[in-house]
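Coordinate inspection notes
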Amino acid sequence: MEEILRFLKEAGTYYLATVDGDQPRVRPFGTVNVFEGRLYIQTGKKKDVSKQLHANPKAELCAFLDGTWLRLSGTLVPDERYEAKKAMLDAYPSLRAMYDENDGNTEVLYFENASAVFSSFTAAPRVIGL
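The sections below set out a description of the structure shown in this document. (Residues numbered from 1 in each chain as written. Predicted model: local features only at pLDDT ≥ 70, side-chain atom pairs only at ≥ 80, totals over all residues. Heavy atoms only, no water.)

A closer look at unusual backbone geometry
Let me state the cut-off plainly: Numbering of helices and strands runs from the N terminus; a helix is a DSSP stretch of H or I covering at least four residues, while a strand is a stretch of E covering at least two. To sort residues, take the accessible area from a 1.4 Å probe on protein chains only and compare it with the maximum for the residue type: under 20% means buried, over 50% means exposed, and anything in between is partly exposed.
Positive phi, normally seen in glycine, also occurs at Asp66, with a value near 50°. Along the chain, Asp66 turns up in the loop between β5 (58-65) and β6 (68-79). Overall, the relative accessible area of 71% leaves Asp66 in the exposed class. You will see that Asn113, though not glycine, has its phi angle at about 50°, which is positive. Relative to the helices and strands, Asn113 resides in strand β7 (residues 106-120). Take Asn113: its relative accessible area is 65%, and that puts it in the exposed class.

Printed below as a string of structure tokens:
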């Protein structure tokens, strides 16, 4: 888990893929945090990505760093707890200009039944289960 978190933080930006009906949707994200042993991302409930994940919680993210890429696939599960939201916002204080633990819009989701694959053009893929 720590290797995945470190990779995503060092990459800075990762791309999250969801499904909107029968149309794939991909967008850049930057928030990632480990809370209570789970890998979390953050968004706003008013955004299309939140609506897509509630309709179909299967998602995949991809990040690239120094010739290696990470694909993390799994199910994203919303966590409505104040503590989970606070942990994410504490990890990203700049988000507090737009989000708050109690605003009714902040949403944190954790990966469940996930698998991470590290790949490059020069080495065999390496799979890590979460």
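Next comes the rest of the account.
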